[in-house]
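Coordinate analysis (summary)
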Amino acid sequence: TKDPMALDGQMSEMRSAGAGVVVMSWWRKGWGSEGVETDTATQKILAAAERAGLKVAFHLEPYDGRSVGDVRRDVAYIVDRYATHPAFYRDTNGMPVYYCYDSYRTPPGEWADILSKHGKNTVRGTPLDGVYLGLYLSRGHEVYATDAGGFDG
């Protein structure tokens, strides 16, 4: 929702339940799910989270044709637009946390291009660095959390 009153109610409920961080689904700018274009809702979600004393992390949703280069551009967009907001979540080391949904659909070697320290287009050591978490659904996906894919977990 983009309704500030509804968002305030939802954030208040989450805070009352003991949550400290909200993980929001984020679709690349211009994409959306269930009629909600998440990019236009993000500022409102961050503002409501701040009012409730919560932080917001980003769950990067997949879309047709998504590549690791697209993910890098998406994170650059998120950092450029939202990283200075007081509700933007950073862990105790100051790193943002990104959940990469359906990461197993992209080969680990491609992820390593942006997530390994020596990848050609690495985010490591740049303003795009963070804690990148992949999706593990079944045996075989563990390779993504190793050096092969470069995920942090």
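No experiment lies behind these values; they were computed from the predicted model shown.

A closer look at the pairing of strand β2 (residues 55–60)
The side chains of a regular strand alternate, first on one face of the sheet and then on the other. Within β2, five of the six residues are buried, leaving the element largely enclosed by the surrounding structure. Pairing between β2 and strand β3 (residues 97–100): three bridges, direction parallel. Looking at β3, one finds that phenylalanine 58 is bridged to tyrosine 98. Crossover handedness for the path β2 to helix α3 (residues 68–82) to β3: right-handed.

Some words on the environment of glycine 69
Along the polypeptide, glycine 69 turns up in helix α3. Since its relative accessible area comes to 23%, glycine 69 is described here as partly exposed. Once the C-alpha coordinates of glycine 69 and asparagine 121 are considered, the two residues, 52 residues apart in sequence, prove to be 8.2 Å apart.

Focus: the confidence of the model for the protein
On average, the protein scores 89 in pLDDT, and the residues at 70 or more come to 90%. Per-element confidence in the protein ranges from a low mean pLDDT of 92 for helix α2 (residues 38–52) to a high of 97 for β2.

Considering the pattern of salt bridges
One pass over the full model with this rule turns up five salt bridges. Measuring nitrogen to oxygen at the nearest pair gives 2.8 Å for the salt bridge that ties arginine 73 to aspartate 70. Of this pair, arginine 73 and aspartate 70 are both found in helix α3, three residues apart, which corresponds to roughly one turn of the helix. Put simply, Arg124, Asp129 and Asp152 are held in one network by salt bridges that share partners.

Focus on helix α4 (residues 108–115)
Every buried residue of α4 is listed here: Pro108, Trp111, Ala112, Ile114 and Leu115. On its buried face, α4 sits against α3, β3 and β4 (131–134).

With respect to the packing of helix α1 (residues 4–16) against α2
Between α1 and α2, the least distance of the axes is 9 Å, while the angle of their chain directions is 45 degrees. Taken together, the axes of α1 and α2 lie oblique to each other. Between α1 and α2 the crossing geometry is right-handed. Where α1 abuts α2, its residues Pro4, Leu7, Asp8, Met11, Ser12 and Arg15 lie against Lys44, Ile45, Ala48, Ala49, Arg51 and Ala52. Classifying every residue of the contact of α1 with α2 gives seven nonpolar, one polar and four charged.

Looking at the nonpolar core
If you look at the biggest cluster of nonpolar residues, it comprises 32 residues, and the most contacted ones within it are Phe58, Leu60, Val75, Ile78, Tyr98, Trp111 and Tyr132. Where this core is concerned, the elements lending two or more residues are α1, β1 (21–26), α2, β2, α3, β3 and α4. It is α3 that contributes the most residues to this core, six residues altogether. Excluding its chain neighbours within four sequence positions, the residues that come into contact with leucine 60 are Trp26, Arg66, Val71, Val75, Ile78, Tyr98, Tyr99, Cys100 and Tyr101.

Focus on the sheet that holds β1
Pairing is parallel across the open sheet formed by four strands, whose spatial order is β1-β2-β3-β4. Here the strands that pair on one side only, and so sit at the sheet edges, are β1 and β4. Going from strand to strand, the sheet's axes swing by 25 degrees on average, the running direction of each strand aside. The sheet contacts of α3 involve β1, β2, β3 and β4, and relative to β2 the element is tilted by about 160 degrees.

About the cut-offs
Residues numbered from 1 in each chain as written. Predicted model: local features only at pLDDT ≥ 70, side-chain atom pairs only at ≥ 80, totals over all residues. Heavy atoms only, no water. Buried < 20%, exposed > 50% of the residue type's maximum accessible area, 1.4 Å probe, protein only. Helix = DSSP H or I, 4+ residues; strand = E, 2+ residues; numbered from the N terminus. Pairing = 2+ DSSP bridges. Right-handed = clockwise from strand over helix to strand, strands pointing away. pLDDT = per-residue confidence, 0-100. Salt bridge = Lys/Arg side-chain N within 4 Å of Asp/Glu carboxyl O. Contact = heavy atoms within 4.5 Å. Axes fitted to C-alpha atoms, helices over the stretch in contact; angles between N-to-C directions. Parallel < 35°, antiparallel > 145°, perpendicular 65-115°, else oblique. Left-handed = near helix turned anticlockwise from the far one by under 90°. Nonpolar A, V, L, I, M, F, W, Y, C, P; charged D, E, K, R; others polar. Core = buried A, V, L, I, M, F, W, Y, C linked by side-chain atoms within 4.5 Å.

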